[in-house]
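Okay, here's what each chain looks like letter by letter:
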Amino acid sequence: MTKRRKLAAGNWKMNGLGADLDQIARLDAAHPAPGCEVLICPPATLLERMSAAARGTAIMTGAQDCHPAASGAHTGDLSVAMIADAGASHVIVGHSERRADHGETSADVRAKAEAVMAGGLVALICIGETLDEREAGRTLEVIGTQLRDSTPDGAGADTLVVAYEPVWAIGTGRIPTLEQIAEVHGFIRAELGARFGGETGAGVRILYGGSVKPGNAAEIFGVDNVDGALVGGASLKAEDFAPIIAALQES
Ligand code: PEP
């Protein structure tokens with residue numbers, strides 16, 4: 001059986017100033033040698049400083065978005081090479097907030113993920129249904145289409161992480177039932193196997209994201225094919241993120 005290394009990923013979104021970088025030392029003090037991978041994706045303004053603060057710890061850093069091009073006239077955007085130069089190892093692409101706020105399509109997400117992989121970093125691709133789509137019974141159809149259209153052909157277990165994030169669970173305090181999470185994660189696992197073959201399909205990590213908190217992490221991590229979490233609000237403070245990491249280690 002393929003052993004997948006678990007991943008606790010934090011998405012700080014548009015939160016965090018220099019004064020908040022002490023969260024890295026606090027997290028490191030709580031988990032100096034975590035039994036899982038730990039990643040934090042701060043806003044771009046903090047990426048280089050956070051990478052420096054995390055040097056010598058087990059904590060990895062990532063960006064929240066990138067541009068697919070290597071360079072050029074793209075005001076406000078960051079290339080993968082710039083992100084790598086800031087010390088990051090991962091890039092979140094296709095977060096539902098970017099799909100909604102910036103009109104990103106799955107084709108855009110795929111182009112970004114291709115650039116991430118070509119640049120030697122790991123693409124953390126987010127997919128998830130809206131509440132209307134779930135209530136219309138379209139969850140697996142939507143997830144299947146987003147997964148197919150957002151992931152590059154050459155993806156491998158070392159270059160791709162998929163995050164299942166139901167849009168209606170992000171920042172709302174609501175989570176799907178454990179059966180609903182199991183159904184979607186099992187479906188994504190099967191789709192990855194059909195698309196990329198057995199070894200890659202079994203090796204790609206699938207994270208759950210959406211209102212993961214210290215109080216619900218253990219039960220979510222007990223679900224089949226949940227290889228970790230993408231955590232928003234509860235990743236901002238080490239006192240919240242550390243128990244989530246502990247729950248993942250123990251799962
Ligand atoms: C997210 O931003 O990806 C997320 C899951 O947010 P939250 O944990 O706050 O719901």
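Look above for the structure.
Remember, predicted model here, so these are calculated numbers, not experimental data. (Residues numbered from 1 in each chain as written. Predicted model: local features only at pLDDT ≥ 70, side-chain atom pairs only at ≥ 80, totals over all residues. Heavy atoms only, no water.)

Caption draft 1: Examining the pairing of strand β8 (residues 228-231) more closely. In β8, alternate side chains face the same way, and those of G228 and L230 on one face and A229 and V231 on the other are all buried. Taken together, the four bridges between strand β1 (residues 7-11) and β8 define a ladder with parallel strand orientation. Bridging from a neighbouring strand, A8 pairs with A229 of β8. Where strand β7 (residues 205-209) meets β8, two bridges bridge the pair, whose relative direction is parallel. In the strand pairing of β8, G209 is matched with L230. (Buried < 20%, exposed > 50% of the residue type's maximum accessible area, 1.4 Å probe, protein only. Helix = DSSP H or I, 4+ residues; strand = E, 2+ residues; numbered from the N terminus. Pairing = 2+ DSSP bridges.)

Caption draft 2: Highlighting helix α2 (residues 44-54). For α2, every residue scored as buried is listed here: L46, L47, M50, S51 and A54. For α2, the arc enclosing every buried residue in end-on projection is 140°, short of the 170-degree limit, so these residues lie on one face. The exposed residues of α2 that point more than 90 degrees off its buried face are T45 and E48. Where the residues of α2 are buried, they touch α1 (22-30), β2 (37-41), β3 (59-63) and α3 (80-85). Phi turns positive, to about 85°, at G56, one or two residues after α2. (Arc of directions from axis to C-beta. Contact = heavy atoms within 4.5 Å.)

Caption draft 3: Representation of the pattern of salt bridges in the model. All told, the structure shown has 16 salt bridges when counted by the stated rule. Between R98 and D65 there is a salt bridge; the shortest N-O distance is 3.3 Å. Here the residue R98 occupies a position in helix α4 (residues 96-101), and D65 occupies one in the loop between β3 and α3, the gap between them amounting to 33 residues. According to the relative accessible area criterion, R98 is partly exposed, its value standing at 22%. (Salt bridge = Lys/Arg side-chain N within 4 Å of Asp/Glu carboxyl O.)

Caption draft 4: Expanded view of the layout of surface pockets. Estimates place the volume of the largest pocket at around 530 Å³. Put simply, the parts of the chain that give the lining of the largest pocket at least two residues each are α2 and α4. Looking at the lining of the largest pocket element by element, the count peaks at three residues for α4. (1 Å grid on protein atoms, 1.4 Å probe; cavity = no way out; pocket = protein on both sides within 12 Å on 5 of 7 lines; lining within 4 Å. Points joined across faces, edges and corners; volume = space filled by probe spheres on them.)

Caption draft 5: Examining the packing of helix α7 (residues 139-150) against helix α8 (residues 178-196) more closely. It is the contact of α7 with α8, at a shortest axis distance of 10 Å, that shows an interaxial angle of 40°. Comparing their axes, α8 and α7 come out oblique. The element α7 and its partner α8 pack so that their crossing is right-handed. Counting all contacts with α7, which are made through T139, L140, I143, G144, L147 and R148, the residues of α8 involved are E183, V184, F187, I188, E191, L192 and R195. The residue makeup of the contact of α7 with α8, split by class, is seven nonpolar, two polar and four charged. (Axes fitted to C-alpha atoms, helices over the stretch in contact; angles between N-to-C directions. Parallel < 35°, antiparallel > 145°, perpendicular 65-115°, else oblique. Left-handed = near helix turned anticlockwise from the far one by under 90°. Nonpolar A, V, L, I, M, F, W, Y, C, P; charged D, E, K, R; others polar.)

Caption draft 6: Broad picture of α1. Of the residues making up α1, those classed as buried are Q23, I24 and L27. Seen along its axis, α1 keeps its buried residues to an arc of 105°; they face one direction. In this structure, α1 carries A25 and A29 as exposed residues pointing more than 90 degrees from its buried face. The inward-facing, buried residues of α1 contact β2, α2, β3 and α11 (238-250).

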